[in-house]
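An overview of the molecular structure
This is what each chain is made of:
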Amino acid sequence: MSRLEAKKPPLFISDPLTKDTVSWSLSLLNGILKSCYGPAGRLKQLHNGVGGYVCTTSQSSAILSRLSVSHPVLRVLTASIQNHISRFSDCGLFTAILCCSLIENFKSLNIASCTVVKISKHLLSLCMDYLKSEACGCRVSVDFSSLETLLCLVRSVLRSKPACMLNKQEADHLTVLILKAFMFTVPCHVETNAVLGKCVIVPVKGRRVVDSTVLPGVLIETPEIQSAKPLTVKRSCSDVIKMALFCVSMSGDLFNPEEGTVTVHHGISLEKSELNCLLNVGKQLVNDEVGLVVCQKVIHPSLKQYLKENHIMAVDRAGLSLMEPLSQMTGSKPIASIHLLSPSCYGSLKDVRIESFASKRFVHLIPNDTVVCSLILCNRNETAWDELKRACETAEHVLQLTIKEPLALLGGGCTETHLASYIRHKSCSLPTSSFKDLDCSRTQYQLVADGFCRSLESVACSLNHDDGEILTDMVHGHCWFVPSGFPSVSNWSDLVSKCGCGINGNTENLNWRLLQGQFGSPIIRDGPKEPSGKVADSLTLDCFAAKCSGLQVALETANLILDLSYVIEDQN
């Protein structure tokens, strides 16, 4: 008889944030994420304890998905950040660093957590109202009739990923390609429920980044096709190529025994019966003037030969990931059964060609209207390619979010320091009635507001990895980085030329102050001013929707963690 252990009672941990283990783990996580932040962020290598694949990255999506987090408080934090990343792709590190800093700063205040939560929610509402107002001085409008701002937005995403190992020429080349690919996915004829197309990334590793290119339509790798042979595809009477898209196996495989019992009469061959069904499908495709058959899985060699003899091109092993883009591009409906074939399921193509790239051969499906394109993405090695793929997907998602809400926020730490200056100015001019509504004193409000502003500033400070001084100005409330090696008593005008986002130069008397240290950003008497003049070509921008969401997620997650009284763990 096996030994039975008595069931252990659950473990109750009161006030988890007061425990040294949690504080140390939170501080360690914050330090790891801060060191990854920005174009000069330090890379991290992540792998499991028994070897295997090593991921070199500085991106939050890769780091958080591979970090092993055991404490429930940190699991809440990382799950919240990962949920934000799954929805917006961008500003994951911003959200995580801000959340950790808010917890640390608010925890150090001798104020009840319920009061901190109420005040911080009010501060968040002030920030969101300001960011969404026309008077906001840290946002710019995105004009889709001009490429300048869009190029800045994409370039900022790529520059913030150092593990991609891109030089300026490569970054500029990819920036144009990503924007071109995105423009391909925007439908030419806008309807009430317009849907953006797809950009399919085709991997080519071991080649130069500048060899990357964008082609309209879909590329399907087909090693067995010889590029030297001329390609003849049957066209219908309307001079288009009719296409059938199958998402079911056409290999002639027999039934899986797990699906049930099949009764077979004597003398009947299941293999021949299945092949006859496939050939009957082939005859119908010939009669319906189909010129191209694409199958997600495998096509039987006999059916392939039959289709070839009737001038129908067959492409198999296309894979699940191409089913949706192919359906969207051609108008074909994926056929899920070889026994039910309706002519209404067919789609159409403009042309089919064979393309060779590096040592690979592809069938290039060219649509009538381009809403799907293929980005042939090259990089020198697998590690850099993986990081670049994530960066390109993020940039594409940022453009999709921006077309819904054509705004961008100033990057390079300037939005954070500008918001901190605005909140300090606003919190000093609040009427007494506001404190009564929040059931707090003016002192409590000022303390929480100061912790909130210092948390924003700590995000901006995280961009500096070289021990240089960080400044903020008294006019715009922007962030300025001084190269390392200069004393704090230097003449700042001789050392800085542009602010972090690149929109302001030191052409006027900006009256800089040190950002690091106990004083933080200054209180500007009339609030920070809007930047004047035209948007610069080399502007650093952040996605408006992603950063606004990150600000909300960071504060709401920090409030949730601060409000935790108990953690109950099952020990069985």
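These figures come from a predicted structure and were not determined experimentally. (Residues numbered from 1 in each chain as written. Predicted model: local features only at pLDDT ≥ 70, side-chain atom pairs only at ≥ 80, totals over all residues. Heavy atoms only, no water.)

Description of the overall build of the protein
Cut-off, in case you're wondering: Think of it this way: any DSSP run of H or I at least four residues long counts as a helix, any run of E at least two long counts as a strand, and we number them from the N terminus. Each residue's exposure class comes from its accessible area (1.4 Å probe, protein chains only) as a fraction of the maximum for that residue type: buried when under 20%, exposed when over 50%, partly exposed otherwise. Whether two residues are in contact is decided by their heavy atoms, any of which lying within 4.5 Å being enough. Using a 1.4 Å probe, the Shrake-Rupley method yields the accessible areas, and only the shown protein chains count as cover for residues.
Scanning the protein for helices and strands turns up 15 helices and 20 strands. In terms of overall dimensions, the protein has C-alpha extents of about 90 × 80 × 45 Å along its principal axes. When the 572 residues of the protein are sorted by exposure, 51% land in the buried category. A sequence separation of at least 24 residues applies to 75% of the contacts in the protein between residues at least 6 apart. Total accessible area computed for the protein in this model is approximately 27600 Å², and 51% of it derives from carbon and sulfur atoms.

Thoughts on the pattern of salt bridges
Let me state the cut-off plainly: Salt bridges are defined by distance alone: a side-chain nitrogen of Lys or Arg within 4 Å of a carboxyl oxygen of Asp or Glu.
Under the defined criterion, the tally for this structure stands at 19 salt bridges. Between Asp211 and Arg208 there is a salt bridge whose closest N-O contact spans 2.9 Å. Given a relative accessible area of 17%, Asp211 falls into the buried group. The exposed category is assigned to Arg208, whose relative accessible area is 52%. Where Arg454 meets Asp450, a salt bridge forms, and the shortest distance between an N and an O atom there is 2.9 Å. Of this pair, Arg454 and Asp450 are both found in helix H14 (residues 442-461), 4 residues apart, which corresponds to roughly one turn of the helix. The exposure class assigned to Asp450 is partly exposed, which follows from its relative accessible area of 29%. Counted as one network, the salt bridges with shared partners bring together Arg424, Asp450, Arg454 and Glu457.

Remarks on the sheet that holds strand S15 (residues 407-410)
The test is simple: For two strands to count as paired, DSSP must find a minimum of two bridges between them. Angular values range over 0 to 180 degrees, each being the angle between N-to-C directions of two axes fitted as lines to C-alpha atoms, with helices fitted over their stretch in contact.
Spatial strand order, S4-S15-S19: 3 strands in an open sheet with antiparallel pairing. The open sheet terminates on both sides in strands that have one partner only, identified here as strand S4 (139-141) and strand S19 (541-543). Strand-to-strand twist of the sheet, defined as the mean angle between neighbouring strand axes without regard to direction, takes the value 40°. For S15 and S19, the ladder comprises 3 bridges, and the chain directions are antiparallel. Bridged to Ala408 within S19 is Cys543.

Structural notes on the sheet that holds strand S17 (residues 479-481)
Whenever strands of a sheet pair, they do so through backbone hydrogen bonds, lying parallel or antiparallel. Across the sheet, which stays open at both edges, the 3 strands sit in the order S17-S16-S18 with antiparallel pairing between neighbours. Taken across any chain shown, the strands that pair with only one partner, and hence form the sheet edges, are S17 and strand S18 (513-514). Pairing analysis gives 3 bridges linking strand S16 (residues 470-472) to S17, with the strands arranged antiparallel. Residue pairing in the sheet places Thr472 in a bridge with Cys479 of S17.

Section: helix H11 (residues 382-404)
Heads up, the condition is: Expected span, for any helix, means 1.5 Å times one less than how many residues it has. As used in this structure description, the phrase polar contact means that two N or O atoms lie within 3.5 Å; if the pair is within protein, one of them must be able to donate a hydrogen and the other to accept it, and residues adjacent in sequence are counted only when both atoms belong to side chains.
Helix length check: H11 (23 residues) gives 34 Å between terminal C-alpha atoms against 33 Å at 1.5 Å per residue, within 8%. Put simply, Asn381 is the residue that caps the front of H11, since its side-chain oxygen is 3.2 Å from the backbone nitrogen of Thr383.

Considerations on the nonpolar core
Generally speaking, a soluble globular protein has its nonpolar side chains buried in company with each other. Operational definition: Residues belong to a common nonpolar core when they are buried Ala, Val, Leu, Ile, Met, Phe, Trp, Tyr or Cys residues joined through side-chain atoms within 4.5 Å. Those domain boundaries reflect an automatic or database domain assignment.
Within the largest apolar cluster, 124 residues are counted, with the highest numbers of intra-cluster contacts made by Leu131, Tyr445, Phe452 and Leu551. No fewer than three residues from each of domain 1 (11-138 + 410-569) and domain 2 (143-217 + 377-405) sit in this core. Residue contacts for Tyr445: discarding those within four places in its chain leaves Ile119, His122, Leu123, Leu126, Ser427, Leu430, Phe435, Leu438 and Cys440. Counting residues in each nonpolar core, the second largest holds 24 residues, with Leu245, Leu292, Met313 and Leu349 among its members.

Points about the side chain of Thr540
By the secondary structure assignment, Thr540 is in the loop between S18 and S19. Look at Thr540 and you get buried, because its relative accessible area is 18%.

Things to note about a nonpolar patch on the surface
For clarity, the threshold we go by: Each patch is built from residues lacking any salt bridge and having more than 30% relative accessible area; the joining distance is 9 Å for like charges and 5 Å for nonpolar side chains (Val, Leu, Ile, Met, Phe, Trp, Tyr).
Residues Phe12, Tyr566 and Ile568 make up a contiguous nonpolar surface patch of roughly 370 Å² in combined accessible area. Examined against the element boundaries, Tyr566 turns out to sit in strand S20 (residues 566-569). For Tyr566, a relative accessible area of 52% translates into the label exposed.

Quick notes on the confidence of the model for the protein
Selection rule: For every residue, the predictor states its confidence as a pLDDT score lying anywhere from 0 to 100.
For the protein, per-residue confidence averages 88 on the pLDDT scale, and residues scoring 70 or more make up 91% of the total. The element-level mean pLDDT for the protein is lowest in strand S1 (residues 11-14), coming to 74, with S19 highest at 97.

Concerning the packing of helix H1 (residues 20-36) against helix H3 (residues 72-88)
In a pair of packed helices, the angle between the axes and the distance between the axes together describe the arrangement. Selection rule: Our angle categories are set so that under 35 degrees counts as roughly parallel, over 145 as roughly antiparallel, 65 to 115 as roughly perpendicular, and the remainder as oblique. Helix crossings get a hand from a simple test, with the near helix turned counterclockwise from the far one by less than a right angle marking a left-handed crossing and a clockwise turn marking a right-handed one. Nonpolar residues are Ala, Val, Leu, Ile, Met, Phe, Trp, Tyr, Cys and Pro. Charged residues are Asp, Glu, Lys and Arg, and all others, Gly as well, are polar.
Their axes nearest at 10 Å, the elements H1 and H3 cross at an angle of 30°. One element, H1, and the other, H3, form an angle in the roughly parallel class. Between H1 and H3 lies a crossing whose hand is right-handed. Judged by residue contacts, Val22, Ser25, Leu26 and Leu29 of H1 engage Val73, Leu74, Leu77 and Thr78 from H3. Considered class by class, the residues forming the contact of H1 with H3 number 6 nonpolar, 2 polar and no charged.

Looking at the environment of Leu11
By the element assignment, Leu11 lies in strand S1. Given a relative accessible area of 35%, Leu11 falls into the partly exposed group. Distance in space between the C-alpha atoms of Leu11 and Ile568 is 5.6 Å, their sequence separation being 557 residues. In contact with Leu11, other than residues within four places in its own chain, are Val567, Ile568, Glu569 and Gln571.

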